[in-house]
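Residue-level structural notes
Chain by chain, the residues run as shown.
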Amino acid sequence: MRTAVITGAIMLAAGLLIAPCLRAPPVLTGAGLTCRNAAKPMARLELVFGSGHESLTPASEDDWAAFVATEITPRFPDGLTVLTGYGQWRDSAGALVKETSRLLLIWYAPAADADTRIEAIRAAYKARFGQDSVLRADEPLACVAF
């Protein structure tokens, strides 16, 4: 009897611990992602911009602010987040390049022209600041609520 009570208590505790993890997961259907509650399907975009290393003139805070205002915001006006940090990479000659980097994070509603808008931002940054690349990482749909 005592073993049954202890086993029951353990099962109840495990259920209480697991239950929050089981709440309203997104549902993939043939029509795409179905979100619950106030969430809606959105894609996640990360772009990493180098600020320029020793051989380049670094992008200043004013230069970056102007770039965001003229190139990014018009293409994704609903909102964005920029995080500044340290970055490093190995160039084609094998030298380790260290520079300040900016991570742009945008959640956006999927649209037919999204890829064109994203690539225009990358091309504009490379041209304006003499960069070889702008890292792009895409995440497929997720349920997002604000």
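In this numbering scheme, every chain counts its residues from 1 along its sequence in written order. The model is predicted, so local features are restricted to residues of pLDDT at least 70 and side-chain atom pairs to those at 80 or more, both for listing and for counting; the totals for chains, interfaces and linings are taken over all residues. Values shown for side chains rest on all heavy atoms present in the structure; no hydrogens or waters enter the calculation.

Here, the term disulfide refers to a pair of cysteine sulfur atoms separated by no more than 2.5 Å. Scanning the model with the defined rule gives one disulfide in all. Residue C35 pairs covalently with C143 via a disulfide, S to S 2.1 Å. What sets the handedness of the C35 and C143 disulfide is the S-S torsion sign, and at about -90° it is left-handed. Pair noted here: C35 is in the loop between strand 2 (32-34) and strand 3 (40-50) and C143 is in strand 6 (residues 135-144), with a separation of 108 residues, a long-range link. According to the relative accessible area criterion, C35 is buried, its value standing at 16%. Numbering of helices and strands runs from the N terminus, with a helix taken as a DSSP run of H or I at least four residues long and a strand as a DSSP run of E at least two residues long. Exposure is judged per residue with a 1.4 Å probe applied to protein chains only, and the accessible area is read against the type maximum: over 50% gives exposed, under 20% gives buried, and values in between give partly exposed.

Bringing the environment of S51 into the picture now. Tracing the backbone through its elements, the reader meets S51 in the loop between strand 3 and helix 2 (61-72). On the basis of relative accessible area, S51 is assigned to the buried category, the value being 7%. For the pair S51 and Y86, spaced 35 residues apart in the sequence, the C-alpha separation amounts to 9.9 Å. In protein, a polar contact means a hydrogen-donor-capable atom and an acceptor-capable atom, both N or O and within 3.5 Å, with residues adjacent in sequence counting only if both atoms are side-chain atoms; elsewhere, any N or O pair within 3.5 Å suffices. Within the structure, S51 has its side chain in polar contact with the backbone oxygen of T100 (distance 2.7 Å).

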